[in-house]
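Examining the three-dimensional arrangement
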Number of protein chains: 4
Amino acid sequence: MEIFERLKAAVPDDWNAYVGHPFVRGMGDGTLPEPAFRHYLVQDYLFLIQFARAYALAGYKARSLADLKAASAGVSAIVDTEMDLHVRLSERWGLSAADLESAVEARATVAYTRLVLEAGMSGDLLDLYTALAPCMIGYAEIGTALAALPGGLSPDNPYREWIAEYSGEGFQEAAQAARDQLDRLAADRLTEARWPALVDLFRQATRLEADFWEMGLTLAE
Amino acid sequence: MEIFERLKAAVPDDWNAYVGHPFVRGMGDGTLPEPAFRHYLVQDYLFLIQFARAYALAGYKARSLADLKAASAGVSAIVDTEMDLHVRLSERWGLSAADLESAVEARATVAYTRLVLEAGMSGDLLDLYTALAPCMIGYAEIGTALAALPGGLSPDNPYREWIAEYSGEGFQEAAQAARDQLDRLAADRLTEARWPALVDLFRQATRLEADFWEMGLTLAE
Amino acid sequence: MEIFERLKAAVPDDWNAYVGHPFVRGMGDGTLPEPAFRHYLVQDYLFLIQFARAYALAGYKARSLADLKAASAGVSAIVDTEMDLHVRLSERWGLSAADLESAVEARATVAYTRLVLEAGMSGDLLDLYTALAPCMIGYAEIGTALAALPGGLSPDNPYREWIAEYSGEGFQEAAQAARDQLDRLAADRLTEARWPALVDLFRQATRLEADFWEMGLTLAE
Amino acid sequence: MEIFERLKAAVPDDWNAYVGHPFVRGMGDGTLPEPAFRHYLVQDYLFLIQFARAYALAGYKARSLADLKAASAGVSAIVDTEMDLHVRLSERWGLSAADLESAVEARATVAYTRLVLEAGMSGDLLDLYTALAPCMIGYAEIGTALAALPGGLSPDNPYREWIAEYSGEGFQEAAQAARDQLDRLAADRLTEARWPALVDLFRQATRLEADFWEMGLTLAE
């Protein structure tokens with residue numbers, strides 16, 4: 001059984017609370033209040049910077065050239081591509097690049113990103129990619145689920161662009177690569193003695209990702 | 001002007017929200033609900049473990065034998081003394097060592113501790129001690145303020161022991177040492193170009209410390 | 001005065017011993033024994049992997065998106081371009097990719113790379129780029145000096161390709177960018193109190209780079 | 001089979017070159033030139049500072065309170081006890097505290113200590129303690145072997161004090177604790193996939209420890 005599936009199966013309630021959060025459901029049926037989405041977009045920009053740092057950390061931690069190349073591609077995908085896409089999407093929602101750059105990290109943004117970075121630094125690549133999994137692999141799962149809803153991708157849904165991106169081929173492939181990477185790392189480094197701590201880390205990361213949706217919904221700072 | 005005073009002066013509202021949080025006021029006049037204090041005690045135990053790791057990190061980051069000794073004394077004070085005191089105080093509040101050891105970190109505990117550890121790792125000792133300052137120096141300020149209240153240390157106040165500890169000579173001296181350490185580090189490493197980022201870090205740490213009180217008060221997990 | 005020039009001026013003997021090492025002079029006039037160059041090529045391959053990790057570390061340590069992008073470009077330049085060039089150059093010297101990949105790090109390779117990584121991790125970006133400067137900026141200086149020699153780039157010189165690469169526009173621009181980056185970091189973070197430790201680090205790095213030439217010359221393992 | 005014994009058995013030649021180095025044999029029969037020992041004492045002082053940082057790093061990396069306490073005791077043993085002993089031993093050899101404090105790290109000191117710190121930071125506690133094992137456990141093995149020699153501890157041997165310290169009960173117990181710690185970590189985290197890299201790290205560390213003796217013998221800087 002895939003390691004990612006084992007991790008999800010270990011914390012089903014936390015996982016479902018994350019992928020089925022009201023913010024997510026609101027994107028799926030188009031009922032999410034627009035200010036919530038705007039607040040999310042701003043924080044997600046700040047999140048991406050820390051996320052890129054996490055991939056840079058993976059490069060530092062790499063023990064093989066293959067791992068190093070994978071991490072380098074991850075950083076580059078974020079800082080050279082995703083952030084530009086994010087800026088353009090945000091513009092269509094009325095947020096300027098200056099709005100994004102001058103924003104202050106909300107608590108929920110700090111909590112999840114620093115957990116990931118700290119777990120990755122004090123642990124190993126298996127810890128780091130486990131902490132990133134709710135984001136990388138979870139967003140792909142959410143994208144697929146929302147795209148399958150009746151109105152998910154309909155022209156009426158103001159969130160169709162977000163759904164299209166995360167359900168799209170590019171992101172789905174990246175998520176599959178993250179699953180494979182996790183399996184390779186687990187094959188090399190997972191022992192049964194480590195399993196409870198790994199589940200605990202996955203649970204923390206999943207809860208803090210759910211808090212990120214909640215932060216969007218409540219406009220929390 | 002002392003660097004700690006400059007930092008506080010830069011974020012007065014955040015600082016006052018932290019040192020004057022309802023949880024703090026409730027300890028001062030004895031009206032804090034006891035379950036809130038118990039919840040705080042459990043999380044503070046988990047906090048202390050991460051806090052000791054932060055001092056260990058300061059030892060790794062040390063560039064002089066004096067800094068290394070100071071960090072080593074910091075770790076030892078926590079793992080060899082404070083944690084035992086904490087266990088005994090918790091016992092008097094009906095919490096066993098097993099209760100503490102089996103507890104799960106609340107979000108607020110994760111958020112503040114990982115911010116400190118990550119800022120200290122990616123930054124330098126000045127960043128690390130700045131992120132620790134709301135805790136080390138702030139608790140001393142709170143202890144002094146509460147001890148000066150009419151009933152702060154009265155036998156009727158269920159929180160007199162906590163107040164006595166943090167207003168006591170030992171902790172006050174440790175806080176003064178932390179102030180001096182911060183001044184020495186700032187003399188060596190602070191430039192005006194770094195100041196805004198340092199204030200930002202202090203503000204984040206202060207807000208997350210206030211969230212720690214809020215977590216106690218609301219019994220949040 | 002440029003920070004890099006200040007650093008060189010602080011340790012002139014160490015710097016001259018590095019850029020004027022017999023290995024370097026032997027490349028310039030074509031008298032370097034070929035086994036020495038082959039040994040160097042193998043170790044330089046292993047060096048590049050650690051060097052890429054150092055840029056990944058710079059990405060993790062970055063505080064701004066600009067610094068993050070610069071570090072990401074640095075990693076990518078090594079793992080996506082330089083290492084391929086290195087493999088092809090090595091092939092022309094009779095070394096297969098398998099020879100490179102199966103090689104064991106010599107002591108001199110371990111010493112310099114781990115100094116850089118450790119200084120960068122326990123210090124800040126200014127420390128990291130200072131430790132990298134003898135490599136990045138020093139190689140450009142050596143390339144320029146050797147290209148200016150009468151027979152440096154002549155078809156008779158077996159080392160003309162190496163000299164052409166490091167005296168070429170691409171590498172010279174990268175070295176200039178490294179100089180500018182160092183100046184920016186120093187403007188933000190250098191204090192007079194830090195100067196002696198920074199010189200010490202630069203001196204250590206320069207000596208260990210000279211040892212790297214010596215390792216090539218003596219075929220040391 | 002104990003993990004430390006497995007590691008030694010994997011690199012017998014490197015291990016024997018380290019524990020049977022001419023510097024070691026010269027201490028055993030009292031023929032080591034005194035300037036070599038003085039040079040060693042100075043560098044060993046600088047080594048101890050980095051060694052204490054390595055234990056501080058172990059504290060940062062700790063996942064349990066027991067590991068954190070063990071690391072804290074390790075740092076404290078060095079900075080509060082061993083370094084004082086070292087200063088007093090050095091004084092009897094004509095070296096003042098100022099001589100020690102003003103000394104510059106030799107290449108061999110840099111190489112071993114930075115390998116350990118970097119392996120421990122980018123890896124996990126198993127990597128860190130494996131890299132420290134040639135020092136902690138190897139010195140105990142050397143001490144025992146030299147004490148068993150006919151004149152090892154005789155009043156005529158100028159090196160009897162060194163031999164007595166490392167063959168003494170205190171250090172032997174510390175070495176046994178390090179062996180046990182390594183076994184516990186291996187039980188939790190060692191997989192067969194990790195074994196070759198762990199052996200490689202142990203081999204590198206062992207060679208760099210042998211280089212440390214060589215540095216003493218040749219008075220290398």
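Calculation rules
- Residues numbered from 1 in each chain as written.
- Chains lettered and ligands numbered in written order.
- Predicted model: local features only at pLDDT ≥ 70, side-chain atom pairs only at ≥ 80, totals over all residues.
- Heavy atoms only, no water.
- UniProt positions renumbered as here; feature names shortened; annotations may be inferred.
- Helix = DSSP H or I, 4+ residues; strand = E, 2+ residues; numbered from the N terminus.
- Rg over C-alpha atoms; globule rule 2.2 N^0.38 Å.
- Contact = heavy atoms within 4.5 Å.
- Areas by Shrake-Rupley, 256 points an atom, 1.4 Å probe, with all protein chains shown as cover.
- Lys, Arg positive; Asp, Glu negative; His and termini not counted.
- Charge placed at Lys NZ, Arg CZ, Asp CG, Glu CD.
- Expected span 1.5 Å × (residues − 1).
- Buried < 20%, exposed > 50% of the residue type's maximum accessible area, 1.4 Å probe, protein only.
- Least-squares fit on C-alpha atoms with pLDDT ≥ 70 in both.
- Buried area = accessible area lost by both parts, 1.4 Å probe.
- Salt bridge = Lys/Arg side-chain N within 4 Å of Asp/Glu carboxyl O.
- Nonpolar A, V, L, I, M, F, W, Y, C, P; charged D, E, K, R; others polar.
- Core = buried A, V, L, I, M, F, W, Y, C linked by side-chain atoms within 4.5 Å.
- Phe/Tyr/Trp six-rings, centres within 6.5 Å; stacked < 30°, edge-to-face > 60°.
- Lys NZ or Arg CZ within 6 Å of the ring centre and 35° of its normal.
- Axes fitted to C-alpha atoms, helices over the stretch in contact; angles between N-to-C directions.
- Parallel < 35°, antiparallel > 145°, perpendicular 65-115°, else oblique.

Labelled according to an unreviewed UniProt entry, chain A appears under the name Aminopyrimidine aminohydrolase, originating from Amorphus orientalis. In its Function (unreviewed entry) section, the UniProt entry covering chain A states "Catalyzes an amino-pyrimidine hydrolysis reaction at the C5' of the pyrimidine moiety of thiamine compounds, a reaction that is part of a thiamine salvage pathway." Taken directly from UniProt, the Pathway (unreviewed entry) text for chain A runs: "Cofactor biosynthesis; thiamine diphosphate biosynthesis."

1. Quick word on the overall build of chain A
Regarding its fold elements, chain A presents 11 helices and 0 strands. Taken from the N to the C terminus, the helices and strands of chain A come in the order α-α-α-α-α-α-α-α-α-α-α. Against the 2.2 N^0.38 benchmark of 17 Å for 221 residues, chain A shows a C-alpha radius of gyration of 17 Å, consistent with a compact globule. Dimensions of chain A, computed from the C-alpha atoms along their principal axes, are close to 50 × 35 × 30 Å. In chain A, the share of contacts with a sequence separation of at least 24, taken over all contacts with a separation of at least 6, comes to 81%. Accessible surface computed for chain A: about 8,000 Å², of which carbon and sulfur atoms make up 55%. Separation between the mean location of the 19 positive side-chain charges and that of the 33 negative ones in chain A comes to 4 Å.

2. Topic: helix α11 (residues 195–218) of chain A
All names here are of chain A. Taking 1.5 Å as the rise per residue, α11 with 24 residues should run 34 Å; its terminal C-alpha atoms sit 34 Å apart, in good agreement. With 18 of 24 residues buried, α11 lies mostly within the body of the structure. Immediately downstream of α11, the backbone of L219 shows phi near 60 degrees, a positive value.

3. As for the relation of the copies chain A and chain B
With an RMSD of 0.0 Å, the fit of chain A onto chain B corresponds to turning through 180 degrees and sliding 0.0 Å along the axis. Here the two chains are linked by the operation of a two-fold rotation axis. Closest approach to the rotation axis within chain A is made by the C-alpha atom of A111(A), at a distance of 2.2 Å. Taken as a fraction of all interface residues of chain A, those also at the interface in chain B reach 100%, which identifies the copy contact as same-surface.

4. Re the interface of chain A and chain B
Counting from both sides, the interface comprises 18 residues of chain A and, opposite them, 18 residues of chain B. Roughly 1,600 Å² is buried in total at the junction of chain A and chain B, and carbon and sulfur atoms are behind 50% of that figure. The largest share of the area that chain A buries against chain B comes from R107(A), E118(A) and R207(A), three residues that together contribute 35% of it. Viewed at the interface, chain B and chain A are joined by 6 salt bridges. The salt bridge involving R107(A) is made with D211(B); its shortest N-O contact spans 2.4 Å.

5. Quick word on the interface of chain C and chain A
Residue-level contacts link 20 residues of chain C with 20 residues of chain A. Regarding the contact of chain C and chain A, the summed buried area is about 1,700 Å², with carbon and sulfur atoms giving 71% of it. By the criterion of area lost to chain A, the three top residues of chain C are R53(C), Y60(C) and L68(C), representing 34% of everything that side buries. Inspection of the chain C/chain A interface yields 0 salt bridges. Residue assignment for the side of chain C that touches chain A shows that the elements contributing at least two residues are α4 (34–61), α5 (65–92) and α7 (107–122) of chain C. Among the elements that take part in the side of chain C that touches chain A, α5(C) stands out by supplying 9 residues, more than any other. By residue class, the composition of the side of chain C that touches chain A is 14 nonpolar, 3 polar and 3 charged.

6. Structural notes on the UniProt feature "domain: Thiaminase-2/PQQC" (unreviewed entry) in chain A
The UniProt entry lists residues 15–217 of chain A under the feature "domain: Thiaminase-2/PQQC" (unreviewed entry), expressed in the numbering used here. Between the C-alpha atoms that bound residues 15–217 of chain A there is a distance of 18 Å. The span itself is 81% helix and 0% strand.

7. Considerations on the nonpolar core
Grouped together as the largest cluster of nonpolar side chains are 348 residues, with contacts concentrated most on W162(A), W162(B), W162(C) and W162(D). For W162(D), the contacting residues outside a window of four places in its chain are M27(D), F37(D), Y40(D), Y139(D), I142(D), L146(D) and W213(D).

8. A few points about the environment of A106(B)
Residue and element names in this part refer to chain B. Take A106: it is sitting in the loop between α6 (97–101) and α7 (107–122). Measuring from C-alpha to C-alpha, the distance between A106 and F212 comes to 9.1 Å, with 106 residues separating the pair along the chain. The contact partners of A106, leaving out residues within four places of it in the chain, are Q43, M215, A220 and E221.

9. A few points about the packing of aromatic side chains
Centre-to-centre distance and the angle between the planes together describe a pair of aromatic rings. According to the stated counting rule, one finds 97 aromatic pairs over all chains in the structure shown. Arranged with centres 5.6 Å apart and planes meeting at 15 degrees, the rings of W15(B) and F202(B) form a pair that is stacked. Taken as a pair, W15(B) in helix α2 (residues 12–19) and F202(B) in helix α11 (residues 195–218) lie far apart in primary sequence, 187 residues in all. Under the relative-accessibility criterion, W15(B) is labelled buried at 3%. Classification of F202(B) by relative accessible area gives buried; the value is 0%. With a centroid separation of 5.4 Å and 15 degrees between ring planes, the pair formed by Y139(B) and W213(B) is classed as stacked. Taken together, the positions of Y139(B) in helix α8 (residues 125–147) and W213(B) in helix α11 put the pair 74 residues apart, joining distant regions of the chain. Y139(B) gets classed as buried once you look at its relative accessible area, which sits at 4%. For W213(B), a relative accessible area of 0% gives the class buried. One Lys or Arg, R6(D), reaches over the ring of W195(D) and ends 3.9 Å from the middle of that ring.

10. Re the packing of helix α9 (residues 160–167) of chain A against helix α10 (residues 169–189) of chain A
Residue and element names in this part refer to chain A. Packing of α9 against α10 brings their axes to within 4 Å, and their N-to-C directions diverge by 45 degrees. On the basis of the axis angle, α9 is oblique to α10. Where α9 approaches α10, its residues E165, Y166 and S167 are matched on the opposing element by E169, F171 and Q172. Here the residues of the contact of α9 with α10 are counted per class, giving 2 nonpolar, 2 polar and 2 charged.

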